[in-house]
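Remarks on the overall topology
Single-letter residue listing:
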Amino acid sequence: QVQLVESGGGLVQAGGSLRLSCAASGRTFSSGAMAWFRQAPGKEREFVAARSWSYGSTDYADSVKGRFTISRDNAKNTVYLQMNSLKPEDTAVYYCAVRSGSVAVRRPGGYDYWGQGTQVTVSS
């Protein structure tokens, strides 16, 4: 089993920044990809960003490219999402996820474990 715990969400004004963290414990996948998804009220869960655990390749949704950065600290088994230039449409519950495969994918079903989510609210 893998446990994922997100933190760092909150309320921020448009144009501001937040950094989300996701700490993994238990059985960890040394070469697995980790990703961030988000889900706004009444909408489906959508892909935000992903990073291979060991190879470092990244992938971003077009809506966040250039504003968000995903990074990881292997020693701490933690992945981060730095979010800059936040917009009201970024408001959602943000989830981190991990998969055993090393290649990041965009579909939620491709991930094996999920965190409980952290709320991000961007006011206009």
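Here, every reference points to the structure presented above.
Summarised in this report is the structure supplied together with it.

Rules behind the numbers
Residues numbered from 1 in each chain as written. Predicted model: local features only at pLDDT ≥ 70, side-chain atom pairs only at ≥ 80, totals over all residues. Heavy atoms only, no water. Pairing = 2+ DSSP bridges. Helix = DSSP H or I, 4+ residues; strand = E, 2+ residues; numbered from the N terminus. Axes fitted to C-alpha atoms, helices over the stretch in contact; angles between N-to-C directions. Phe/Tyr/Trp six-rings, centres within 6.5 Å; stacked < 30°, edge-to-face > 60°. Buried < 20%, exposed > 50% of the residue type's maximum accessible area, 1.4 Å probe, protein only.

Reading across from one edge, β1-β3-β8-β7 is the order of the four strands in this open sheet, with antiparallel pairing throughout. Only two strands of the sheet have a single neighbouring strand rather than two, namely β1 (2-7) and β7 (68-73). Across the sheet, the mean angle from the axis of one strand to that of its neighbour is 15°, orientation sign disregarded. Across six bridges, β7 lies against strand β8 (residues 78-83) in antiparallel orientation. Considered in β8, the bridge of Ser 71 is made with Tyr 80.

Time to look at the packing of aromatic side chains. Under the definition given, this model contains four aromatic pairs. Relative to Phe 47, the ring of Phe 37 has its centre 5.8 Å away and its plane inclined at 75°; by these criteria the two rings are edge-to-face. With Phe 37 in strand β4 (residues 33-39) and Phe 47 in strand β5 (residues 46-52), the pair connects residues that are 10 residues apart, well separated along the chain. Take Phe 37 and Phe 47: they sit in the same class, and that class is buried.

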